[in-house]
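Summary of the model geometry
Here is how the chains run, residue by residue.
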Amino acid sequence: MDSHYDVVIVGAGLQGHATARVFLQMAPDLNVVILDSSETIGGVWAKEKLYPGLATNNLRGTFEYTDFPMDDSFGVKEAEHLPGESIYEYFCRYAEKHVLTRRIQFSTKVTVAEKLQEGWKLELESIRGNGHTTVDGKEIIPLPAQRTITCAKLVIATGLTSVQQPINIKGSENFQAPIVNFGDYPREAEKIYEDEAIKNVTVIGGGKAAYDIVYLMAAHGKQVTWIIRASGHGPTYMAPAYIYVGPFRCWLEKLAATRIFTFFSPCIWGDADGFGYVRNLLHGTKWGRWIVDIFWWKLGSDLIDQTHIAKHPETKKLMPDQPPFWYGVSLAILNYPTDIYEFVRGGQVKVLRKDVKCLESPKTIRFEDGGSVESDALVCSMGWKFEPTIDFRPKEIHADLGIPSADFSHAQKELWDRLDARADLETFERFPKLATGPKVDHDSLMVQQNLPNSALADKTALRKEVSPWRLWRGIAPPSLPTRDIVFLGMFSLFQGAVRSEISSIWAYAYFYGKLKGPFTSVSKPSVALNLDQRVPAEEQLQAMQKEKGEVNGIMYDTALFNRFGKWRTPYGFGSRHPDVVFEGIAYFDLLLQDLGLNSWRKGWGWMGEIFGGSYDQADYRGLVEEWRRSQKKV
Ligand SMILES: Cc1cc2nc3c(=O)[nH]c(=O)nc-3n(C[C@H](O)[C@H](O)[C@H](O)COP(=O)(O)OP(=O)(O)OC[C@H]3O[C@@H](n4cnc5c(N)ncnc54)[C@H](O)[C@@H]3O)c2cc1C
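The notes below deal with the structure included here. (Residues numbered from 1 in each chain as written. Predicted model: local features only at pLDDT ≥ 70, side-chain atom pairs only at ≥ 80, totals over all residues. Heavy atoms only, no water.)

A word on a nonpolar patch on the surface
Applied cut-off: A patch is a set of surface residues, each over 30% in relative accessible area and not in a salt bridge, joined within 9 Å for like charges and within 5 Å for the nonpolar side chains Val, Leu, Ile, Met, Phe, Trp and Tyr. Every accessible area reported is derived by Shrake-Rupley at a probe size of 1.4 Å, with residue values counting cover from the shown protein chains alone. Basic side-chain nitrogens of Lys or Arg form a salt bridge, by our definition, when they fall within 4 Å of a carboxyl oxygen of Asp or Glu. Here a helix means four or more residues in a row that DSSP labels H or I, a strand means two or more in a row labelled E, and each is numbered from the N terminus. Note on classification: 1.4 Å probe, protein chains only; a residue is buried when its accessible area is under 20% of the maximum for its type, exposed when over 50%, partly exposed between these limits.
Together, Trp-287, Trp-290, Ile-291, Ile-294 and Trp-297 line one region of the surface with nonpolar side chains, adding up to about 660 Å² of accessible area. Position of Ile-291 relative to the elements: it lies in helix H8 (residues 286-307). The partly exposed category is assigned to Ile-291, whose relative accessible area is 40%.

Considering the pairing of strand E6 (residues 108-115)
We count it as follows: DSSP-based pairing: two strands are paired if at least 2 bridges between them are found.
Of all 8 residues in E6, 6 are buried; the element is thus mostly enclosed. Here E6 runs beside strand E7 (residues 120-126); their pairing, made up of 7 bridges, is antiparallel. By the bridge assignment for E7, Lys-115 is matched with Trp-120. Hairpin connection between E6 and E7: a loop of 4 residues separates the two successive antiparallel strands, and Gly-119 in this loop has a positive phi of roughly 80°. Where E6 lies against strand E23 (residues 391-393), 3 bridges are found, and the strand directions are parallel. Note on E23: the bridge partner recorded for Glu-114 is Arg-393.

Notes on the nonpolar core
Applied cut-off: Residues grouped as a nonpolar core are buried Ala, Val, Leu, Ile, Met, Phe, Trp, Tyr and Cys residues, joined through side-chain atoms within 4.5 Å. Contact definition: two residues touch when any of their heavy atoms are within 4.5 Å.
Ranked by internal contacts, the top residues of the largest apolar core, which has 168 residues, are Phe-23, Tyr-185, Trp-226, Trp-269, Trp-506 and Tyr-620. If you tally residues by element for this core, the top one is helix H14 (residues 496-511), at 10 residues. In this structure Tyr-620 touches Thr-66, Val-498, Ile-502, Ile-585, Phe-588, Leu-592, Arg-601 and Tyr-615, once residues within four positions along its chain are discounted. Within the second largest apolar cluster, 28 residues are counted, among which are Ala-113, Leu-122, Cys-151 and Phe-487.

Brief notes about the site of the ligand
The cut-off we apply is this: If even one non-hydrogen atom of a residue comes within 4 Å of a molecule or strand, that residue is called near it. A 3.5 Å cut-off defines polar contacts: any pair of N or O atoms within that distance qualifies, except that in protein one atom must be a possible hydrogen donor and the other a possible acceptor, and neighbouring residues in sequence count only when both atoms are side-chain atoms. Residue polarity is assigned by list, with Asp, Glu, Lys and Arg as charged and Ala, Val, Leu, Ile, Met, Phe, Trp, Tyr, Cys and Pro as nonpolar; anything else, Gly included, falls into the polar class.
Near the ligand, the surroundings consist of 28 residues, among which Asp-36, Val-44, Asn-57, Asn-58 and Thr-389 are the closest. At a separation of 3.1 Å, a nitrogen atom of the ligand approaches a polar backbone atom of Ser-37. Notes on the ligand: free accessible area 980 Å², of which the protein chains cover 86%. Secondary-structure elements contributing two or more residues to the shell around the ligand are helix H1 (14-26), strand E3 (55-59) and E6. Partitioning the shell around the ligand into residue classes produces 9 nonpolar, 16 polar and 3 charged.

Things to note about the sheet that holds strand E20 (residues 364-367)
Spelled out, the test is: Axis definition: a line fitted to C-alpha atoms, over the contacting stretch in the case of helices. Angles run 0 to 180 degrees between N-to-C directions.
With antiparallel pairing, 3 strands are arranged side by side in an open sheet as E19-E20-E21. Looking at strand neighbours, the two that pair on one side only are strand E19 (356-360) and strand E21 (372-374), the edges of this open sheet. Shown here is a sheet whose adjacent strand axes are inclined to one another by a mean of 20°, direction ignored. Sheet analysis places E19 next to E20, joined by 4 bridges and oriented antiparallel. Its bridge partner being in E20, Glu-360 is matched across the sheet by Thr-364.

With respect to helix H3 (residues 185-194)
Note: α-helices contain 3.6 residues per turn, so residues at a spacing of three or four share the same orientation. What counts is decided by this rule: An arc is given here, and it is the one of the directions from the helix axis to the C-beta atoms.
Residues of H3 that are buried: Tyr-185, Ala-189, Ile-192 and Tyr-193. Taken down its axis, H3 places every buried residue within 85° of arc, on the same side. Projecting away from the buried face of H3 at angles above 90 degrees are the exposed residues Arg-187, Lys-191 and Glu-194. Of the surrounding secondary structure, the elements contacted by the buried residues of H3 are strand E11 (179-181), strand E12 (200-204), helix H4 (208-219) and strand E22 (377-380).

Here's the deal with a negative patch on the surface
So the rule is basically this: For the purpose of counting charges, residues Lys and Arg are taken to be positive, whereas Asp and Glu are taken to be negative. His and the chain ends are not included. To locate a charge, the coordinates of NZ of Lys, CZ of Arg, CG of Asp or CD of Glu are taken.
A contiguous patch of negative charge on the surface is contributed by Glu-190, Glu-194, Asp-195 and Glu-196. Glu-190 gets classed as partly exposed once you look at its relative accessible area, which sits at 46%.

Comments concerning the packing of H14 against helix H17 (residues 584-594)
Applied cut-off: Angle categories: roughly parallel below 35 degrees, roughly antiparallel above 145, roughly perpendicular from 65 to 115, and oblique for all the rest. By definition, any crossing whose near helix is turned counterclockwise from its far helix by less than a right angle is left-handed, and any crossing with a clockwise turn is right-handed.
Close contact between H14 and H17 brings their axes to 9 Å; oriented N to C, the two are set at 25°. As judged from the angle between their axes, H14 and H17 are roughly parallel. Of the two elements, H14 crosses H17, and the hand of that crossing is left-handed. Contacts between H14 and H17 involve Val-498, Arg-499, Ile-502, Ser-503 and Trp-506 on the former and, on the latter, Tyr-587, Phe-588, Leu-591, Leu-592 and Asp-594.

Considerations on the sheet that holds strand E13 (residues 223-228)
Strand order in the open sheet formed by 5 strands is E11-E22-E12-E13-E18, with parallel pairing between adjacent strands. Whereas interior strands pair on both sides, the edge strands pair on one side only; in this sheet they are E11 and strand E18 (349-353). Each strand axis lies, on average, 20° off the axis of its neighbour in the sheet, ignoring direction. Looking at chain direction, E12 and E13 are connected through 5 bridges and run parallel. In the sheet register, Ile-204 faces E13, and the bridge partner there is Ile-227. On the sheet, H3 packs against E11, E12 and E22 and is oriented at approximately 145° with respect to E11. Lying on the sheet, H4 is in contact with E12, E13, E18 and E22; it crosses E13 at an angle near 165°.

Describing helix H2 (residues 84-97)
Spelled out, the test is: By definition here, a helix of n residues has an expected span of 1.5 Å times n minus one.
Along its 14 residues, H2 runs 20 Å from first to last C-alpha, staying within 8% of the 20 Å computed at 1.5 Å per residue. Every buried residue of H2 is listed here: Gly-84, Ser-86, Ile-87, Tyr-88, Tyr-90, Phe-91, Cys-92, Tyr-94 and Ala-95.

In structure tokens form, the structure reads like this:
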């Protein structure tokens, strides 16, 4: 059996499948393997990770690959949300269609990735026996989990929700009722709602996961206490899939993919869409910003009106703290069979905006203000660790790879501090609204977003300063000179399936030297972007200090891309990784232009872009073929 591969893809989720399909379509003879620590296909949607009631925010049609539309045979009708089981089935059928299943090695965790002169050496850990290779009981061509393999190119598609934050509350050891973390919820949920001795359940968290837990428990007749941290960033926005903006009924997801609406968001790479002058007017002038503020105020108030939460004193506690402008993809959809707020209005769900202090024996949850509640079970949504799930070695290259790390040298840190400071200046100059946005204590959010730091049992995590993801175009290492690794999917946006495909084509072109400049710089004035002139961060700093060298364009472009995110979505994930909603279509424009492909895809030039409605899967269908044809012409 091979121990050297042309390409290793880590992660068999939405992204890993897209990458395998695209790479094999480009080069059918590539020796590609996909490794995944899960037991089944689908990543987030793997069979063992589904919990009762899990469904997509998306309605049918927007959570699917461009080459494999979902039809009625998946048990979902048009304009319905997709249950987790249907998505799992979708991935199984997709993998079969593209003959990917036999390439996936399940229950295989990549623990270490070590940089070689050429390519990577990976250490694997078989989680169950000798490389578990079955899907739904069917045996797949066995690929024994070797301890070590090597590869020429490495694709990291491990997602952003693979490792949960542990529950780190003082006094947990004294609490005598079940405590369940969200990552274990698929296994534990049923035990809680089926247990008649459990009369009341406490849920901690203010995001979509907490909403799902509260709904399921209340729907099973439990009395629910719902704790949302008072000192944190409050509950997220929840919206119906369709909203009225003034007299217009809009599919919310599609609003964000409609070119003309995307102008209302500042976007540091926005010029790539060819309408930079419109954005300059809207965000660079006082009158423009006034119009932008009205747009977002209207959107926010329509969202609140249509959920009716402002009309009852109890549901009012679920009002988000800030306009939706600042939230990124944290904005989620009410995809429940009945009205979740009815449980709140009726008193079965009690919302408390309080800071937890500690847990006490036997079943007490104590608050900072001295109050407490008793609970038969505690379910916590503590969020996910955003750091890589793999130990990349040597640690000296972490900064050059652009991965979150606490292991930067002094020089690496200094260089990024300088670039970040310059990027902040440019961001605020171009988009003054971002300079005055809400300030969030990102450092404490890095540890555990639903608990104040004072309630943490283990405070060592507080001392660890972890850098954010810093990838050029959200994909490639900013200062690693070789082209043998990409990170795909370290990115939050609504059109995840389309992004997974376009970014895979981009990654293929990047690996094999087919991305051709000049690239569009996101900076103004633009900096020169030369992928072959990337040098390690420490060398770059020395050059800047000794020879008064110019800042490396790729690194500055990366800094700008990331710092923009930090200020754009302080109530989302922008300080850790790109978190884009209204900026997604312009991001696709940027990648398509790097590939030399047409980014205005509606036809009829600017008229089509303005009046042609929202972008969807059909607009991006057939891109691999299109790119291959464009390569033959060169
Ligand atoms: C509960 C939940 C609901 C969501 N709902 C929506 C939604 O409605 N709409 C939407 O657009 N997005 C949603 N998302 C976001 C979701 O992350 C994306 O939809 C998408 O599934 C991400 O795909 P991915 O392939 O990037 O990552 P994942 O699906 O997370 O796949 C990553 C895979 O990598 C594997 N892996 C990780 N580390 C290692 C390692 N070291 N070695 C081997 N394997 C490893 C994991 O086991 C996993 O299978 C949701 C996320 C969650 C958690």
